[in-house]
Amino acid sequence: MRSKPETQSLTAATEPPSSTSMDPIFHLLRILPFGFLRPPKLRLKLPTLTLPSPMTVYALVLLTYFMVVSGIVYDVIVEPPGIGSTQDRATGSVRPVVFLPGRVNGQYIVEGLSSGFMFVLGGVGVVLMDLALDRNRTKSVKVSYATAGIASVVIAYMMSMLFIRIKIPAYLR
Amino acid sequence: MVGKAEPVNGSVKSGSNQSIPATMQSPLKKSDLIPNLSLKTLKLKTKQQELLIRVSILCLVYVLAFITRLFSVLRYESMIHEFDPYFNYRTTLFLTEKGFYEFWNWFDSESWYPLGRIIGGTLYPGLMVTAAIIYWLLRFLRFAIHIREVCVLTAPFFASNTTLVAYFFGKEVWDSGAGLVAAALIAICPGYISRSVAGSYDNEGVAIFALLLTFYLFVKAVNTGSLAWALASAFAYFYMVSAWGGYVFIINLIPLYVLVLLITGRYSMRLYVAYNSMYVLGMLLAMQIRFVGFQHVQSGEHMAAMGVFFLLQVFFFLDWVKHLLSDTKLFQAFLRITVTTAIGVGAIALGVGMASGYISPWTGRFYSLLDPTYAKDHIPIIASVSEHQPTAWSSFMFDFHILLFLFPAVCLISAIAVSATIKNLTLVARAKSKVTQTGSVRGSSSSKGSSKASLDQSQPFQRNGAIALLLGAFYLLSKYATHCTWVTSEAYSSPSIVLAARGAHGNRVIFDDYREAYFWLRKNTPPDAKVMSWWDYGYQITAMGNRTVIVDNNTWNNTHIATVGRAMSSYEDEAYEIMRSLDVDYVLVVFGGVTGYSSDDINKFLWMVRIGGGVFPVIKEPDYLVNGEYRVDKGAAPKMLNCLMYKLSYYRFGELTTEYGKPPGYDRARGVEIGNKDIKLEYLEEAFTTSNWIVRIYKVKPPNNRW
């Protein structure tokens, strides 16, 4: 990976005129093939490397967090089914089972993704609540942020508690 | 870095608090000769009040971190848990008895018979030396404590110290409020408790403290640019290297942090001083540990640190040249040449190093970070370790609870989120009440009062909303505390060596079979007897049974373990040949069929087959399965029904009735009736079975006389 020294940027770099260049290879190339070959005039530009904006980085971090917390590593290694199934003893029909019962350290894929979504929702809710307390916004925006934030946190917390109670019946007893 | 919030309310309060006692204190003191401690004489200034609150909170958090880890000591007794801590305990005992030089040069012939193990060169001494120093310190103060008590309580003690480091870290990154919340959250976090409960005398208990200390000191060094802090962080890194093999994460995380600083344009002289001193001195110190050796220059996992080191030199060089040159165009050209050359030289050096084999590639343990399926497909012994299992979402929830919500809010320390949110909320909530009290405040604070008054007009229900949110935050935090305590009590406080279950009438039944068996081994076998068992129990047999083992938890020799695995999965006569070649006198198996204990050797048997089959192709896993299914009942594979492990686990079990209403020979752990009840042993004889049939010991018979 190419590093960026802090005061330089590649966009500001211009080709030094050939008479003042101190690059030996440049001089060699000027003589040998390009003494008789004429390079065409292209309108290409070197791609400029700019740092992504903080919001882009934050979005990427949030996405990575979502994937990790959903247990994607577990999914890749153990390859559980997307959703489990159990056979109803009386009728013989196959019913889906969302939560892998009995163990803390096992999951189905959909179960992991939905719980991961709840965690991220809770996190985003805390961020919204903090944004709502910022003074430099209009009142309506602040109110909507605050409501959204509180609703997100409450929903996320209640759903996470519900999920874990379904998964581990003996939770907090 | 975001600016820190000034304690605005604090200065307002100091105005009101300071003025009142100043006028009233002097007459009170002069006239009151009797030491009547009324509240007014105890009135401290705000700074002192704040200090008192902070210190008392820290003391409470310190005590809390210690006592929440003591569940198992109160329920069972003060003993060492699990498997690995028994090795650490045995080495610490050796260290305190024989001294440091004997410990450092110790060659142990009691494990990995007949190979032996160079213990001095293959362990991380930090934990043992720490416990020994605490023990000698207490002895010096004439407290005659047994080394086992010191070992049991080392981890909770260091957990308390970690909360202090977390406080300072939070204070460094944000402010003291965040530090306090960080300390409180880390004190009861279940993820940390699970590795540092009292009795879990393992490297991580000390290493997590060293980890946080190294990070804190390095961040402090980068912030202040002081050489002293950088060298302190190098010494903390040395402590971390001596304590745990996970130091590789630090030697990669700190260069990653430096790299991110460089990319975002925060190169400065402070960073240069901090990283250079820390890297050079830290590397030199780390090489003093024999187990680490020259890995810092030879191993692929450490090359990132070296790469960043050279990159920093390039930055400094370019900065210096820029300072000397006045021509920017010339400097641009020079810049491009230098960067290209540096990258080229670095890539060539790395390539030559890796091609010639001098720089070793990433080992399997860390390669699994890049490709998680690698261990499952190629190295079964890494895949079989229970600590390496991948994490499902419920384990995350179990270990972190609401910290999972707080992490996205600020990507580093959730304490910042809590502290900042609570601070903002209290600011808003206080603003209202302060405005109503402006009448009693003196003129110096009236300006602050007016600024609060401007907030007055914005929203009438803002104060109630803020209080409601505050209550909500406190509710969440209290649920977190409840969850953590419940998880600690239920899930993480069991010494695996003593099992507990609920009896028929709800009373608690304790199974102490492991220690019963090891004690029997210690007292009833000749001192030079060799015991063969699966590698899980090796450390415990050597530490408590005091007998030589064939393989133990160090798992450094895969072929030796595969030999034992092959012996366990072969028919009795082939296994006898292998056991004679290894000089085995006793075989130990763990069997859970009578008690329903599910972590016994029959459940671990497939790993024995896989590991043995990995080295000896004569062992094939499908031989032991029926239609891909692992069974022990009548429909099991014939090879399974006659292998050594099956015979040793179920010998005489067919006559035993384990559960009311079920036939004899009903295996409670698998839930089936076993297939082969009539087992005859030809080359072994039963030596001992514990009272609940959990541990079974067999003696290997000497060969028959020829005629």
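Quick caveat, the model's predicted, so the values are computed rather than measured.

(A) A look at the overall build of chain B. Scanning chain B from terminus to terminus reveals 31 helices and 11 strands. Nonlocal contacts in chain B, meaning residues at least 24 apart in sequence, comprise 70% of its contacts between residues at least 6 apart. Of the roughly 33400 Å² of accessible surface on chain B, a fraction of 62% belongs to carbon and sulfur atoms.

(B) Inspection of the UniProt feature "domain: STT3/PglB/AglB core" (unreviewed entry) in chain B at higher detail. Under the UniProt annotation, the feature "domain: STT3/PglB/AglB core" (unreviewed entry) is placed at residues 530–588 of chain B. Secondary structure content for residues 530–588 of chain B is 51% helix and 14% strand, and the end C-alpha separation is 11 Å.

(C) Expanded view of the pairing of strand β3 (residues 499–502) of chain B. All names here are of chain B. One ladder, built from four bridges, connects β3 with strand β4 (residues 508–511); its direction is antiparallel. Bridge pairing in β4 places L499 opposite F511. Hairpin remark: β3 followed by β4, antiparallel, with five residues in the connecting loop; positive phi at G506, about 85°.

(D) Here's a closer look at the nonpolar core. Counting residues in each nonpolar core, the largest one holds 154 residues, and the members touching the most others are Y275(B) and L588(B). Considering every element that reaches this core, the biggest residue donor is helix α10 (residues 203–224) of chain B, with 11 residues. Residues contacting Y275(B), with those up to four places away along its chain left out, are F218(B), I254(B), P255(B), V258(B), A305(B), V308(B), F309(B) and L312(B). By size, the runner-up hydrophobic cluster in this structure holds 35 residues, among which are F119(A), F163(A), Y171(A) and I402(B).

(E) Representation of the UniProt feature "transmembrane region" (unreviewed entry) in chain A. Residues and elements named next belong to chain A. Following the UniProt record, the feature "transmembrane region" (unreviewed entry) maps to residues 57–77, 113–133 and 145–166 here. The span residues 113–133 shows a helical share of 95% and a strand share of 0%, and its end C-alpha atoms are spaced 31 Å apart. With 100% helix and 0% strand, the stretch residues 145–166 has end C-alpha atoms that lie 31 Å from each other.

(F) Local environment of the packing of aromatic side chains. Residue and element names in this part refer to chain B. Evaluation of the coordinates by the stated rule reveals 43 aromatic pairs over all chains. Ring geometry for F591 against F653: centres 5.0 Å apart, planes inclined by 85°, an arrangement best described as edge-to-face. Highlighted residues: F591 in the loop between β7 (586–590) and α29 (605–615) and F653 in the loop between α31 (644–650) and β8 (666–667), separated in sequence by 62 residues. Comparing F591 with F653, the two get one shared label, buried. An aromatic cluster is defined as three or more aromatic residues linked by ring pairs; in this entry it consists of F218, Y257, Y275, Y279, F309 and F310. Directly above the ring of Y113 sits K530, whose terminal nitrogen or CZ lies 4.8 Å from the centroid. Geometry around W607 places R610 over its ring, the cationic atom sitting 4.7 Å from the centre.

(G) Here's a closer look at the packing of helix α5 (residues 139–167) of chain A against helix α24 (residues 462–490) of chain B. The interhelical angle for the contact between α5(A) and α24(B), taken along N-to-C directions, is 25°, at an axis separation of 12 Å. If you check the angle between α5(A) and α24(B), you find them roughly parallel. Note that α5(A) runs across α24(B); the crossing there is left-handed. From α5(A), I150(A), V153(A) and Y157(A) reach across to α24(B), where they touch L469(B), Y475(B), L476(B) and K479(B). Split into classes, the residues belonging to the contact of α5(A) with α24(B) amount to six nonpolar, no polar and one charged.

(H) Looking closely at the interface of chain A and chain B. Each partner contributes to the interface: chain A provides 61 residues, whereas chain B provides 50 residues. Summed over both sides, the interface between chain A and chain B buries roughly 5200 Å², with carbon and sulfur atoms accounting for 73% of that surface. Area buried by chain A at its contact with chain B is led by I77(A), F119(A) and Y157(A), which between them contribute 12% of it. Our count for the chain A to chain B interface comes out at zero salt bridges.

(I) Spotlight on a negative patch on the surface. Residue and element names in this part refer to chain B. Taken together, D573, E574, E577 and E682 make up a surface patch of like negative charges. Topologically, E574 is positioned in helix α28 (residues 572–581). Residue E574 is classed as partly exposed on the basis of its relative accessible area, which comes to 40%.

(J) Spatial organisation of the pairing of β7(B). Residues and elements named next belong to chain B. With five of five residues buried, β7 lies mostly within the body of the structure. For β7 and strand β11 (residues 695–700), the ladder comprises five bridges, and the chain directions are antiparallel. Residue pairing for β11: L588 is matched across the bridge by I697.

(K) Molecular detail of the side chain of S533(B). All names here are of chain B. Structurally, S533 can be placed in the loop between β5 (530–532) and α26 (538–545). Look at S533 and you get buried, because its relative accessible area is 1%. Those residues in contact with S533, other than ones at most four positions away along the chain, are I541, V551, V564, M568 and L588.

(L) The environment of P663(B), seen in detail. Along the chain, P663(B) falls in the loop between α31 and β8. When the C-alpha atoms of P663(B) and R117(B) are compared, they prove to be 47 Å apart, with 546 residues separating the residues in sequence.

(M) Inspection of the sheet that holds strand β10 (residues 684–689) of chain B at higher detail. Residues and elements named next belong to chain B. Here we have five strands laid out as an open sheet, ordered β6-β5-β7-β11-β10, and mixed in their pairing. Every other strand in the sheet has two partners, leaving β6 (548–549) and β10 as the edge strands with one partner each. Direction of pairing for β10 relative to β11: antiparallel, over a ladder of five bridges. Each bridged residue has a counterpart across the sheet, and for T689 the counterpart in β11 is R696. Here helix α25 (residues 513–524) sits on the sheet in contact with β5, β7, β10 and β11, set at roughly 25° to β11.

(N) Representation of the pattern of salt bridges within the structure. Residues and elements named next belong to chain B. Inspection of every chain in the model, using the stated rule, returns 22 salt bridges over all chains. Where E77 meets R515, a salt bridge forms, and the shortest distance between an N and an O atom there is 3.0 Å. In this pair, E77 is assigned in the loop between α3 (71–75) and α4 (84–98) and R515 in helix α25, connecting sequence segments 438 residues apart. Given the relative accessible area of 38%, E77 is considered partly exposed. For E659, the salt bridge goes to R668, with nearest N and O atoms at 3.1 Å. Residue classification places E659 among the partly exposed positions, given a relative accessible area of 28%.

(O) Here's a closer look at the environment of A228(B). Here A228(B) is to be found in helix α11 (residues 227–243). Here the alpha-carbon distance between A228(B) and E149(B), two residues 79 residues apart in the chain, equals 36 Å.

(P) Focus on the state of the cysteines. Across all of its chains, the model carries zero disulfides over all chains by this definition. Lacking any disulfide linkage, C484(B) is separated from the closest cysteine sulfur, that of C189(B), by 6.4 Å.

(Q) View of the packing of α10(B) against helix α12 (residues 247–263) of chain B. Residues and elements named next belong to chain B. The interhelical angle for the contact between α10 and α12, taken along N-to-C directions, is 25°, at an axis separation of 11 Å. Considered as vectors, α10 and α12 are oriented roughly parallel to each other. Considering how the two elements wind past one another, α10 and α12 form a crossing that is right-handed. Packed against α10, whose contacting residues are L211, T214, F215, F218, V219 and V222, the element α12 presents I250, L253, I254, Y257, V258 and L261 at the interface. Here the contact of α10 with α12 is composed, by residue class, of 11 nonpolar, one polar and no charged.

(R) View of unusual backbone geometry. Residue and element names in this part refer to chain B. Put simply, Y113 and P114 share a cis peptide bond, and its omega is 0°. Take P114: it is sitting in the loop between β1 (107–108) and β2 (117–118). Notably, T555 is not glycine yet its phi reads approximately 45°, a positive angle. One can find T555 in the loop between β6 and α27 (558–569). A positive phi angle, near 65°, is found at D583, a position not held by glycine.

(S) How the structure looks around a nonpolar patch on the surface. Residues and elements named next belong to chain A. Taken together, the side chains of L60, L63, M67, I72, V73 and V76 present a nonpolar region at the surface, about 480 Å² in accessible area. Mapped by element, the contributors of at least two residues to the nonpolar patch are α2 (54–69) and α3 (72–78). Position of L63 relative to the elements: it lies in helix α2. Looking at L63, the relative accessible area reads 48%, which means it is partly exposed.

Definitions and limits used
- In this numbering scheme, every chain counts its residues from 1 along its sequence in written order.
- Chains carry letters and ligands carry numbers; both start at the beginning, A for chains and 1 for ligands, and go up in the order they are written.
- Confidence filtering applies because this is a predicted model: local features only for residues at pLDDT of at least 70, side-chain atom pairs given and counted only at 80 or more, and all residues used for totals across whole chains, interfaces and linings.
- Where side-chain values are given, they derive from all heavy atoms of the structure, hydrogens and water being excluded.
- Strands are runs of DSSP state E lasting at least 2 residues, helices are runs of H or I lasting at least 4, and numbering of each runs from the N terminus.
- Only heavy atoms enter the contact rule, under which two residues are in contact if any of them lie within 4.5 Å.
- Throughout, the Shrake-Rupley method with a 1.4 Å probe supplies accessible areas, and for residues the shown protein chains are the sole cover considered.
- UniProt positions are given in the numbering used here, feature names are shortened, and annotations may be inferred rather than shown by experiment.
- If DSSP finds at least two bridges between two strands, the strands pair.
- Joining through side-chain atoms within 4.5 Å is the link that ties buried Ala, Val, Leu, Ile, Met, Phe, Trp, Tyr and Cys residues into a set, and such a set is a nonpolar core.
- Relative accessibility under 20% of the residue-type maximum defines a buried residue, over 50% an exposed one, and the middle range a partly exposed one, all with a 1.4 Å probe and only protein chains included.
- Two rings from Phe, Tyr or Trp (for Trp, the six-membered ring) form a pair when their centres sit within 6.5 Å of each other. Planes less than 30 degrees apart are called stacked, planes more than 60 degrees apart edge-to-face, and all others tilted.
- Consider the ring centre and the ring normal. A charge sits over the ring if Lys NZ or Arg CZ is within 6 Å of that centre and within 35 degrees of that normal.
- Note on geometry: axes are lines fitted to C-alpha atoms, helical ones only across the stretch in contact, with angles between N-to-C directions running from 0 to 180 degrees.
- Throughout, the term roughly parallel applies to angles under 35 degrees, roughly antiparallel to angles over 145, roughly perpendicular to angles from 65 to 115, and oblique to all others.
- Left-handed describes a crossing whose near helix is turned anticlockwise from the far helix by less than a right angle; the clockwise case is right-handed.
- Only Asp, Glu, Lys and Arg are considered charged, only Ala, Val, Leu, Ile, Met, Phe, Trp, Tyr, Cys and Pro nonpolar, and every remaining residue, Gly among them, polar.
- The term buried area denotes the loss of accessible surface (1.4 Å probe radius) that occurs when two parts are joined, taken as the sum for both partners.
- Salt bridge criterion: a side-chain nitrogen from Lys or Arg within 4 Å of a carboxyl oxygen from Asp or Glu.
- Two joining distances apply to patches: 9 Å for like charges and 5 Å for nonpolar side chains (Val, Leu, Ile, Met, Phe, Trp, Tyr), and every residue must have over 30% relative accessible area and no salt bridge.
- In this charge count, Lys and Arg are treated as positive and Asp and Glu as negative; neither His nor the chain ends contribute.
- To locate a charge, take NZ of a lysine, CZ of an arginine, CG of an aspartate or CD of a glutamate.
- Here, two cysteine sulfur atoms that lie within 2.5 Å of each other are counted as a disulfide.

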